[in-house]
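Reading the structure
Okay, here's what each chain looks like letter by letter:
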Amino acid sequence: MKANMTPELDQKWWSKNKPKLIKKTGLGDALKDFQVAEDQMDWDKSLKAISNLKRKVADAVKICGSSHKDTVTVLKKYPKIIDKKEKEIEAKQKAESERAKSASTAAPKQKVGKGVVIWKKDLGAEITKKYKPDWLKELKGYKFQLKLNEDLLDVLENEGDYVTPQQMVDDANALSDKLVASLAKELMSTDAAIKKETDQKKVDGLVKNFDVKLKTLMGGTKKHFEAIPLNRWKGFVKRKQQYKDYKVKTGFDITLGVLGVVGGAVGVAGSAATGGASLVLGIISLVRGVASLADKIKDTAREAEKVESVLKSDLDTLLKRYRDASGEAKKKTQGGAEVGATVLKGILGTDAPFLATLPKCDKNYGLWQNKVAGLEVGGRKLSQAIMKGLQECDKLEKAMKKSTNKEARKYLDKLKKARAVLNKALESCSKMMGRVSAADKNAPKLKTMLDALSGSNPKYADIFEKVFPSVVNLTLAGANAGDGFKGASDTLDTLNTALGLFNDIASEGKDQLEAAIG
């Protein structure tokens, strides 16, 4: 061993450079124990190994004595190197302890609160809005009510998450809309059968049969409604792991009411007026509401893209720091893969930019997820509202086509243009929702990667070389995502064009529409 050599905290280095005829010192085993402990990022074990290493270095100096003077010179350089490493590990141990303490106090013990109504709906009223035959007086008292324990609502409010409760409500509305549509269809079918029947007893039987189906179908949805809060809470917990042990106490109440039938014979309803002009005004109101919703979505999309840009920049910083550290590790270990991994962990474990950027990524990931969830809710509402507007356009177009009034028919072209604009808006919304779906699908992979980097023993090479590129690109760009959330802006501009066309039809053609189609 040459006196000008610098000792390394590496068992292989000692084995390669120690005097061949030296007695057993125990230094090689002590170095190996330290390397294993540091590689495992077990800081308590590492500090114990360092204490033992100090003793073995002193023992090795005594054993070498005057027979191996150059080796003694090199061994005496160890204390300074060991002291520096000891301070590094003590700092890491302190930081980890503080993180653990913070995590342990992040979520207080749950006190399950009473059930609070988060959604309710009068199903009878909703069904009769869609279809009400002349023999049906009312569907009174058919009501649904969904509950959730109030402590979870407090948690969501404290965390600034107003999207998750809204998602629960939206899910309940979507499920009830399907049920209402199914029951309205059943009511139409019953009405069609009644209109063909002359026997009053058979008519009564058809009405009774509908009442039974009504109650059966409503009762059968109970488990589906009860699952809504739990499923959405699971999504929240993926972003906020400190609440993973909280219990969801949900409840769903069904009130089965009374089907009221008009007394006497069942009559056939006369042909109702179309109300062409009022229908146009109704569509204008719809489109105005849709444009307002699109405006809000546009703002959320801008916020999402801004947070996404910051998150992407920070992830690029992590990758750059890793690559710099990887190059430094290879230089220190002359390209040795096994030793390079250990040295790499030591470098990144004390790299200030890397350590500062990682928690920032976690924070922005959570914020970005919240924005994406908001777009998911808004996009679903927007597409539903546009679909409703298109349905109203169908009604008006049919009425216009039946009219022989030339003044009224000339507005049919404008209606077709306005409808085409709405269709384009729906396409833009669909593109945006495709981007949202891609983000929603791939985001958990990014979270898993960030959690792995924050773990006690990150496999940096595996994460950055194998996982990082595909996960970041898929999550923040999305497969075939195009312009990201730009569709929200396009949709708003498109809807404003549609609104202008409908305003023209209403203001210029109001008298003609009233005269021609009611």
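1. Brief notes about the nonpolar core
By size, the foremost hydrophobic cluster in this structure holds 77 residues, and its most contacted members are L27, Y78, L315, L446, Y460 and F464. It is helix α15 (residues 412–453) that provides the largest number of residues to this core, a total of 15 residues. The contact partners of L446, leaving out residues within four places of it in the chain, are L311, L315, Y365, V471, V472 and T475. Of all hydrophobic cores here, the second largest spans 37 residues; its members include A107, W135, M168 and W233.

2. Some details on the environment of L146
As for its placement among the helices and strands, L146 is situated in strand β3 (residues 143–149). Each C-alpha atom, one on L146 and one on W119, is 5.2 Å from the other, the two residues being 27 residues apart in sequence. Apart from the residues within four sequence positions on either side, L146 is in contact with V116, V117, I118, W119, A172, F225, E226, P229, T250, G251 and F252.

3. Observations concerning the sheet that holds strand β1 (residues 115–122)
Spatially, β1-β3-β4 is the arrangement adopted by the 3 strands of the open sheet, whose pairing is antiparallel. Edge positions in the open sheet fall to β1 and β4 (250–255), since each of these has one partner strand only. Averaged over all neighbouring strand pairs, the angle between strand axes comes to 20 degrees, with direction disregarded. Here 6 bridges tie β3 to β4, and the two strands are oriented antiparallel to one another. Bridged to L146 within β4 is F252.

4. Some points on α15
Owing to its 3.6 residues per turn, the α-helix aligns residues three or four sequence positions apart on the same side. With 42 residues, α15 extends 61 Å between its outermost C-alpha atoms, agreeing within 8% with the 62 Å of an ideal straight helix rising 1.5 Å per residue. Bending of α15 peaks at approximately 35 degrees at the position of N442, with proline P444 no more than four residues after it.

5. Remarks on the packing of aromatic side chains
What characterises a pair of aromatic rings is the spacing of the ring centres plus the angle enclosed by the ring planes. Per the counting criterion, the structure on display carries 11 aromatic pairs. Ring geometry for W119 and F225: centres 5.4 Å apart, planes at 20 degrees, overall stacked. Here F225 lies in helix α10 (residues 222–239) and W119 lies in strand β1, a separation of 106 residues in the sequence. Arranged with centres 4.9 Å apart and planes meeting at 40 degrees, the rings of W233 and F236 form a pair that is tilted. With W233 and F236 both in helix α10 and 3 residues apart, this pair spans about one turn of that helix. Like W233, the residue F236 is buried in the burial classification. Each residue in the set W119, F144, F225 and F252 is aromatic and connected to the rest through ring pairs, giving one cluster.

6. Observations regarding helix α3 (residues 43–64)
Helix length check: α3 (22 residues) gives 31 Å between terminal C-alpha atoms against 32 Å at 1.5 Å per residue, within 8%. Buried within α3 we find W43, S46, L47, A49, I50, L53, V57, A60 and C64. One face of α3 carries all of its buried residues, which in axial projection span an arc of 155 degrees. Summarising the geometry of α3, the exposed residues directed more than 90 degrees from the buried face are K48, R55 and K62. One or two positions beyond α3, positive phi appears at G65, with a value near 50 degrees.

7. Considerations on the confidence of the model for the protein chain
On average, residues of the protein chain score 78 in pLDDT, and 81% of them reach the 70 mark or higher. Across residues 264–275 the pLDDT falls below 50, and counting only partners more than four positions away or on other chains, this stretch makes 11 contacts in the model.

What counts, and at which threshold
Residues numbered from 1 in each chain as written. Predicted model: local features only at pLDDT ≥ 70, side-chain atom pairs only at ≥ 80, totals over all residues. Heavy atoms only, no water. Core = buried A, V, L, I, M, F, W, Y, C linked by side-chain atoms within 4.5 Å. Buried < 20%, exposed > 50% of the residue type's maximum accessible area, 1.4 Å probe, protein only. Helix = DSSP H or I, 4+ residues; strand = E, 2+ residues; numbered from the N terminus. Contact = heavy atoms within 4.5 Å. Pairing = 2+ DSSP bridges. Axes fitted to C-alpha atoms, helices over the stretch in contact; angles between N-to-C directions. Expected span 1.5 Å × (residues − 1). Bend = angle between axes of the 7 residues up to and from the residue. Phe/Tyr/Trp six-rings, centres within 6.5 Å; stacked < 30°, edge-to-face > 60°. Arc of directions from axis to C-beta. pLDDT = per-residue confidence, 0-100.

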